[in-house]
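Structural description and commentary
For reference, the chains in residue letters:
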There are 4 protein chains.
Amino acid sequence: MAGRDIHTVSESDGGARSASRARRADARRNQQTLLDAAAAVFVTSGVEAPVRDIAARAGVGMGTIYRHFPTRADLVVAVYRHQVEACAEAGPALLAESASPHAALGRWIDLFVDFLVTKHGLAAALQSDDAGFRTLHAYFLDRLLPVCAELLGAAAEAGETGPDVTAYELMRGVGNLCIGAENDPEYDARRLAQLLVAGLRRER
Amino acid sequence: MAGRDIHTVSESDGGARSASRARRADARRNQQTLLDAAAAVFVTSGVEAPVRDIAARAGVGMGTIYRHFPTRADLVVAVYRHQVEACAEAGPALLAESASPHAALGRWIDLFVDFLVTKHGLAAALQSDDAGFRTLHAYFLDRLLPVCAELLGAAAEAGETGPDVTAYELMRGVGNLCIGAENDPEYDARRLAQLLVAGLRRER
Amino acid sequence: MAGRDIHTVSESDGGARSASRARRADARRNQQTLLDAAAAVFVTSGVEAPVRDIAARAGVGMGTIYRHFPTRADLVVAVYRHQVEACAEAGPALLAESASPHAALGRWIDLFVDFLVTKHGLAAALQSDDAGFRTLHAYFLDRLLPVCAELLGAAAEAGETGPDVTAYELMRGVGNLCIGAENDPEYDARRLAQLLVAGLRRER
Amino acid sequence: MAGRDIHTVSESDGGARSASRARRADARRNQQTLLDAAAAVFVTSGVEAPVRDIAARAGVGMGTIYRHFPTRADLVVAVYRHQVEACAEAGPALLAESASPHAALGRWIDLFVDFLVTKHGLAAALQSDDAGFRTLHAYFLDRLLPVCAELLGAAAEAGETGPDVTAYELMRGVGNLCIGAENDPEYDARRLAQLLVAGLRRER
DNA sequence: AATGAATGAGGATTCATTCAT
DNA sequence: TATGAATGAATCCTCATTCAT
């Protein structure tokens, strides 16, 4: 009887749990669908694409988007999180394997530019005054600024660079250089960014 | 009589002429009013300010704005023409008076940045996909690209720089660096632009 | 053995019974949790507060709210039932202890106003066209109209009042007077309601 | 010649003026169309009817509504202005022609109730917290409160009433009594309002 | 030539209610 | 039974541009 009670309890608990687990799995899958749809729409229409378009592409109602990602910034961050993380994590590795800190910085900036340039409108959104993008800006800074600062600091310590710019300015500048780059075949943001890095160089 | 006729004719001719002259003067004065109003509104609301606001400031109807400046780009160009011209004309002078072509380039870029940074939203408009800004982009390029190219070419010829970037890329890059700079006290577009220029430098 | 069987049976019967009892107790506790949560949310957000908020406050799913209270009116009624009952029951008592039926009516109206005025949005909900509130309206009427009618009838019988208004009109009027009173410090619904009651007064 | 110039000038001035006059006449006619449409829609859908509905009814774009009446309150006020004015102006007249100030007050309240009750949703809007209705509230108060205050004051001075309520409370109360009255055949707001007035009465 | 009234597309956001798990 | 994810209708307001007067 106790056994049955327990069983019953565990069954109902288990049922609840597995239902909840199932629901969660479902929701997670759904989230991924959303992210995929958003990513796809972002490519063609930029990160400011209408919510309705994203919802349509994902085959869900708009409310579903809002449920999962209350703010547009939340959605954008979620879409690009993996790549931002990868970029952040690449910093120390590059520092370790490159010939010099300055070289590492250059390679890291390349990664950053390659990332931004392929994300239609992202670079612009990062600078947008729009309150809805405040968080986006913050996320990028939180995650990448320390990495940039470390590389920059290492280069300075090695005497390769002077104290010309802050890490923030450098990132902001590089970000700016990427704006609209995807539409202009005459313009190579990567090259410009490397020029910036080169400009930091100091002869010993 | 002939004299009188002539006189009369000449008088009426003169009247027509002076009326026409007067009308032209009037129109010019009118245009100037428009430009002043636009400039004032651009300062506070950016170059994308509502047409109605500009018209109101100028004390004319919106139709008048459209008559004189069919596209927004036309208006923006007209507002900033003097400064763009001044910038363009400064190129050769700087080349003549500077210690080196590379130095001249740096000083010229400074002028360009100073100009852009103080024009709320102009740098962004220069990159805008918006059809209404196509002409704006074109004008800036037409007028400034040759100047930049000359400075860049001179520096290259003097062996101060390599062939890293085209004049177009450089201008585009510098323009990009100015986007949103007016709102961010942590960010000094001038410094970044100079970094770019420094990055062009080659040791002999 | 029989004893044991009986015992067992009775035990299991008892188990079932107590389980059922326990379940009922559980359900009741659950309901109470819901009502407490709803009451709390009503205070701050009014009786039209989002279902989700109430569910969240109660720590249950929204579906649970709907199961127990299919319409919002059901929930609102349940939340205020005690107070409505108390108000209803106060009628005869007041009639018994007051100096006159008209005085009793006045005191009873005071009770009613005091109740309504402290329930954010309730008075408005009572008049709402909204289908979801139809039942609410009905409940209040079912329960309170007879009481009001009795008081009013007694006063008329005593010659204190004329047949100016129906009990329904009086209640409706008093209810209306309470709308929005909680937000307006310049407005005293109680005073107005008493004016209404005073207006009923007839000299013998 | 001078004559011609003057003539020309006066012609062009005259043209501009008559164009402007024509435009203004046109616009005025248009405004009336708008007001008629709004009034019609208000009758069926209440004063909170969607702007689009009103525009459709008037056969104009929504922008036209916004141009003429930036705020919903502006529109509502415009629609009812004549009647509010009439109500305001009736006050002194009633005072003059009635048997007593208190009687005048009663008749004036009748006018006010008759006005409100036929305006679907207006009474409710007058109490709405909604910022868009703040102005509406203010207009009614500005225009009618002094009238009510005068009548009330005269009655008090004549010793017919006591100082039970302020003019504001009385108007607020009467306004409240009218909420939803148009939908309820069992409820006569006019009668209730008169009860309120009767309640003010004091025997000498 | 000037005026300024009119048009109407376009996108964000909230929440009651249902129903699969 | 309980959960809570998903749906999607409904309305607001701005502003570039046109064109009748």
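Residues numbered from 1 in each chain as written. Chains lettered and ligands numbered in written order. Predicted model: local features only at pLDDT ≥ 70, side-chain atom pairs only at ≥ 80, totals over all residues. Heavy atoms only, no water.

**Side note on the overall build of chain A**
Applied cut-off: A run of H or I in DSSP becomes a helix once it reaches four residues, and a run of E becomes a strand once it reaches two; helices and strands are each numbered from the N terminus. Throughout, exposure labels follow a simple rule: accessible area from a 1.4 Å probe, protein chains only, divided by the maximum for the residue type, with under 20% read as buried, over 50% as exposed, and the rest as partly exposed. The criterion used for residue contact is that any of the two residues' heavy atoms lie within 4.5 Å. To measure how exposed things are, a 1.4 Å probe is used in the Shrake-Rupley method; for residues, cover is taken only from the protein chains shown.
Each helix and strand in chain A was counted, giving 9 helices and 0 strands. Going through the 204 residues of chain A one by one, you find that 44% of them count as buried. Here the analysis covers contacts within chain A between residues at least 6 apart in sequence; of these, 68% occur between residues at least 24 apart. Carbon and sulfur atoms make up 53% of the accessible area of chain A, which totals about 10200 Å².

**So, the interface of chain B and chain A**
For the record, the criterion: Put simply, buried area is the surface a 1.4 Å probe can reach on two separate parts but cannot reach once they are joined, added for both. Basic side-chain nitrogens of Lys or Arg form a salt bridge, by our definition, when they fall within 4 Å of a carboxyl oxygen of Asp or Glu. Any pair of N or O atoms that falls within 3.5 Å is considered a polar contact. Within protein, one atom must be able to donate a hydrogen and the other to accept it, and sequence-neighbouring residues count only if both atoms are side-chain atoms.
Facing 25 residues of chain B, the contacting portion of chain A comprises 25 residues. Between chain B and chain A lies a buried interface of about 2200 Å² when both sides are counted; carbon and sulfur atoms form 59% of it. For the interface between chain B and chain A, the tally reads 4 salt bridges. Salt-bridge contacts for Asp184 of chain A lead to Arg172 of chain B; the nearest nitrogen and oxygen are separated by 3.0 Å. Summed over the shared surface of chain B and chain A, the number is 17 residue pairs in polar contact (both at pLDDT 80 or more).

**Let's talk about the protein's contact with DNA strand E**
The following threshold applies: Here a residue counts as near a molecule or strand whenever at least one of its heavy atoms sits within 4 Å of it.
Residues in close proximity to DNA strand E total 33 residues, the closest being Thr64 of chain B together with Asn30, Gly61, Thr64 and Arg67 of chain D. The sugar and phosphate moieties of DNA strand E supply 59% of its atoms located within 4 Å of the protein. The side chain of Arg72 of chain A places a nitrogen or oxygen atom 2.7 Å from a phosphate oxygen of DNA strand E. In the environment of DNA strand E, a base nitrogen lies 3.4 Å from a nitrogen or oxygen atom belonging to the backbone of Gly63 of chain B. Going through the elements one at a time, helix H1 (2–45), helix H2 (51–58) and helix H3 (62–68) of chain A, helix H3 (62–68) of chain B, helix H2 (51–58) and helix H3 (62–68) of chain C together with helix H1 (2–45) and helix H3 (62–68) of chain D are the ones with two or more residues in the surface near DNA strand E.

**Topic: the UniProt feature "DNA-binding region" (unreviewed entry) in chain A**
Rule in force here: UniProt positions are given in the numbering used here, feature names are shortened, and annotations may be inferred rather than shown by experiment.
Annotation from UniProt places "DNA-binding region" (unreviewed entry) at residues 50–69 of chain A. Taken end to end, residues 50–69 of chain A is 75% helix and 0% strand, and its two terminal C-alpha atoms sit 14 Å from one another.

**Quick look at helix H9 (residues 189–200) of chain D**
The periodicity of an α-helix, 3.6 residues per turn, causes residues three or four places apart in sequence to face the same way. Note the following rule: What a helix is expected to span follows from its residue count: subtract one and scale by 1.5 Å.
The end-to-end C-alpha separation of H9 of chain D is 17 Å, in line with the 16 Å expected for 12 residues at 1.5 Å each. Taken together, the buried positions of H9 of chain D are Ala189, Leu192, Ala193, Leu195, Leu196, Val197, Gly199 and Leu200 of chain D. Where the residues of H9 of chain D are buried, they touch helix H8 (167–177) and helix H9 (189–200) of chain C together with helix H5 (101–117), helix H7 (134–157) and helix H8 (167–177) of chain D. You can read the cap of H9 of chain D off the contacts: a side-chain oxygen lies 2.9 Å from the backbone nitrogen of Arg190 of chain D, and it is on Asp188 of chain D.

**So, the relation of the copies chain B and chain A**
Two chain copies, one operation linking them: a rotation about an axis together with a shift along it. What counts, and what does not: The copies are overlaid by a least-squares fit using only the C-alpha atoms of residues whose pLDDT is at least 70 in both copies.
It takes a turn of 178° to lay chain B on chain A, together with a shift of 0.0 Å along the axis; the resulting RMSD is 0.3 Å. The two molecules are tied by a two-fold rotation axis, judged by turn and shift. Of the C-alpha atoms belonging to chain B, the one lying closest to the rotation axis is found on Gly199 of chain B, 1.9 Å away. Counting the interface residues of chain B, we find that 100% of their copies in chain A are interface residues as well, pointing to one common contact surface.

**Let's talk about the protein's contact with DNA strand F**
Under the convention used in this document: Residue polarity is assigned by list, with Asp, Glu, Lys and Arg as charged and Ala, Val, Leu, Ile, Met, Phe, Trp, Tyr, Cys and Pro as nonpolar; anything else, Gly included, falls into the polar class.
The environment of DNA strand F is made up of 33 residues, and the closest members are Asn30, Gly61 and Arg67 of chain A together with Thr64 and Arg67 of chain C. At the protein interface, 58% of the atoms of DNA strand F within 4 Å belong to sugar or phosphate. In the model, a phosphate oxygen of DNA strand F is placed 2.4 Å from a nitrogen or oxygen of the Gly61 of chain A main chain. Listed by contribution, the elements that provide at least two residues to the surface near DNA strand F are H1 and H3 of chain A, helix H2 (51–58) and H3 of chain B, H3 of chain C together with H1, helix H2 (51–58) and H3 of chain D. Looking at the surface near DNA strand F, its residues break down into 13 nonpolar, 11 polar and 9 charged.

**Examining the packing of aromatic side chains**
As a reminder, the rule being used: Geometry of aromatic contacts follows a simple scheme: Phe, Tyr and Trp rings, the Trp one being its six-membered ring, pair when their centres are within 6.5 Å, and the pair is stacked under 30 degrees between planes, edge-to-face over 60, tilted otherwise.
In this structure the tally under the stated criterion is 20 aromatic pairs over all chains. Taking 6.2 Å as the distance between ring centres and 40° as the angle between the ring planes, the aromatic pair formed by Phe42 of chain A and Tyr80 of chain A counts as tilted. Of this pair, Phe42 of chain A sits in helix H1 while Tyr80 of chain A sits in helix H4 (residues 72–97), and the two are 38 residues apart along the sequence. Note on Tyr80 of chain A: relative accessible area 4%, which makes it buried. A centroid spacing of 6.0 Å and a plane angle of 85° characterise the contact between Tyr139 of chain B and Phe140 of chain B, whose relative ring orientation is edge-to-face. The buried category is assigned to Tyr139 of chain B, whose relative accessible area is 12%.

**Digging into the side chain of Gln127 of chain B**
Within the fold, Gln127 of chain B resides in helix H6 (residues 122–127). Discounting residues that sit within four places of it in the chain, Gln127 of chain B has contacts with His137, Arg172, Gly175, Asn176 and Ile179 of chain B.

**A closer look at the packing of helix H7 (residues 134–157) of chain B against helix H8 (residues 167–177) of chain B**
Residue and element names in this part refer to chain B. Stated precisely, the cut-off is as follows: Only the stretch in contact is used when fitting a helix axis, every axis being a line fitted to C-alpha atoms; angles between N-to-C directions are given from 0 to 180 degrees. Crossing handedness is defined as follows: a turn of the near helix away from the far one that is anticlockwise and smaller than a right angle gives a left-handed crossing, while the clockwise case is right-handed.
In the contact formed by H7 and H8, the axes pass within 9 Å of each other and the chain directions differ by 120°. Note that H7 runs across H8; the crossing there is right-handed. Residue-level inspection shows His137, Leu141, Leu144, Leu145, Cys148, Ala149 and Leu152 of H7 in contact with H8, the latter providing Ala167, Tyr168, Leu170 and Met171. Grouping the constituent residues of the contact of H7 with H8 by class yields 10 nonpolar, 1 polar and no charged.

**Some words on the pattern of salt bridges**
The final tally for this structure, using the stated rule, is 32 salt bridges over all chains. Between Arg191 of chain D and Glu169 of chain C there is a salt bridge, and its shortest N-O distance comes to 3.1 Å. With one member in each of two chains, Arg191 of chain D in helix H9 and Glu169 of chain C in helix H8 form a pair that bridges those chains. Under the relative-accessibility criterion, Glu169 of chain C is labelled buried at 0%.

**A look at the state of the cysteines**
Worth spelling out the cut-off: Only a pair of cysteine sulfur atoms within 2.5 Å counts as a disulfide in this structure description.
Going through the model one piece at a time under the given rule, you end up with 0 disulfides over all chains. Of all cysteine sulfurs in the structure, the one in Cys148 of chain B sits closest to Cys87 of chain B, which takes part in no disulfide; the separation is 9.6 Å.

**Observations concerning the environment of Ala73 of chain D**
Residues and elements named next belong to chain D. Looking at the element boundaries, Ala73 is found in helix H4 (residues 72–97). The class of Ala73 is buried, set by a relative accessible area of 0%. Taking the C-alpha atoms as reference points, Ala73 and Arg134, separated by 61 residues in sequence, lie 7.6 Å from one another. If near-sequence neighbours (up to four positions away) are discounted, Ala73 is found in contact with Gly132, Thr135 and Leu136.

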